[in-house]
Amino acid sequence: MPKKFIVGNWKMHGSIESVDALLSGLSLMGADAGSVAVCPPFVFIPAAISALKGTGVSVGSQNVSAYDQGAYTGEISAGMLSQLGCKYAIIGHSERREQWLESDQQLAAKFVSAQAKGLTPILCLGESIEQREAGGALAFVERQLRSVVDIVGIESLSLAVIAYEPVWAIGTGKTASPDQAQEMHAHIRSVLAELSDEVAEKVQILYGGSVNAANAAELFSRQDIDGALVGGASLKVDDFASIIAAAKAV
Ligand code: PEP
């Protein structure tokens, strides 16, 4: 299994000044190549790429268009992001699924488009609190996963990252327990293993949902938790650095 991978999702936060300060902190942090990425809002991506060059911290986007180019007002294509130097694209974050009603089919198209331009998709999956309380979390996440895999093909998952993010844990301060997260990660891996042992073994499955400096180490100690997708805590250099250190220490 490859080393742990920590990704910061800045969401729609920041100003020129605050991003400048955050990038200065990140550039001094020191990271092993391939172990850390940050996903700023689109407009700050060029600044992030320039400030983080040679630091080991890669840059990704929080979304990507399913289209290559054309009359798609407001869209940003995978080719554009790739040309800037982006390495990753978050696809299917629950905020996009819920507020922009992105369907599994649309997400699969984004996934294909990202990979075609050399971006590694970070595919987000996760159940609502109602689904978990009704005992349907595993089945729901499995359905989300299969809907995309059926379209993109199992082999393409070997060049992707999966993020399990229970919707009820995102930005709420409520983290899934390490047992809950491990159970879901193992289930995701077993679904993939039905199709390809090799892909199941290789794919990194990150946990996301109120990860912070205090809970990261215990989450990372679980066998199938290969890192984290971090929202709020990625906006504070010290907190983000502690999460990265916890990942490195496992
Ligand atoms: C996220 O935005 O993907 C996320 C997990 O946010 P937070 O860490 O703030 O819960």
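It should be emphasised that the depicted structure is a prediction, and the values quoted were computed from it without experimental measurement. (Residues numbered from 1 in each chain as written. Predicted model: local features only at pLDDT ≥ 70, side-chain atom pairs only at ≥ 80, totals over all residues. Heavy atoms only, no water.)

Participant: Teacher, can you tell me more about the pairing of strand β5 (residues 120-125) here?
Facilitator: Within a regular strand, the side chains alternate between the two sheet faces. Judged by how many residues are buried, β5 sits mostly within the fold: five of six residues are covered. Relative to β5, strand β4 (residues 88-91) runs parallel, the two being bridged by four bridges. Each bridged residue has a counterpart across the sheet, and for A89 the counterpart in β5 is P121. With four bridges joining them, β5 and strand β6 (residues 161-164) adopt parallel strand pairing. Looking at the pairing, L123 lines up with I162 of β6. (Buried < 20%, exposed > 50% of the residue type's maximum accessible area, 1.4 Å probe, protein only. Helix = DSSP H or I, 4+ residues; strand = E, 2+ residues; numbered from the N terminus. Pairing = 2+ DSSP bridges.)

Participant: Sorry if this is basic, but what is going on with a negative patch on the surface here?
Facilitator: A surface patch of negative charge is lined by E155, D197, E198 and E201. Inspection of the secondary structure puts E198 in helix α9 (residues 197-202). (Patch = residues over 30% accessible without salt bridge, like charges linked within 9 Å, V, L, I, M, F, W, Y side chains within 5 Å. Areas by Shrake-Rupley, 256 points an atom, 1.4 Å probe, with all protein chains shown as cover. Salt bridge = Lys/Arg side-chain N within 4 Å of Asp/Glu carboxyl O. Lys, Arg positive; Asp, Glu negative; His and termini not counted. Charge placed at Lys NZ, Arg CZ, Asp CG, Glu CD.)

Participant: Quick question: what am I supposed to make of the packing of aromatic side chains here?
Facilitator: The description of an aromatic ring pair uses the distance of the two centres, along with the angle that the planes make with each other. Scanning all chains against the criterion turns up three aromatic pairs. Centroid distance F5 to Y88: 5.0 Å. Interplanar angle 40°. Geometry classified as tilted. Highlighted residues: F5 in strand β1 (residues 5-9) and Y88 in strand β4, separated in sequence by 83 residues. In this structure Y88 comes out as buried when scored by relative accessible area, which is 13%. (Phe/Tyr/Trp six-rings, centres within 6.5 Å; stacked < 30°, edge-to-face > 60°.)

Participant: Is there a simple way to think about the pattern of salt bridges in this case?
Facilitator: Inspection of every chain in the model, using the stated rule, returns 14 salt bridges. Between D179 and R222 there is a salt bridge; the shortest N-O distance is 2.4 Å. Here the residue D179 occupies a position in helix α8 (residues 178-195), and R222 occupies one in the loop between α10 (216-220) and β8 (227-230), the gap between them amounting to 43 residues. Through salt bridges that share partners, R96, E102 and K110 make up one connected network.

Treat this as a map of the structure, not an account of what it does.
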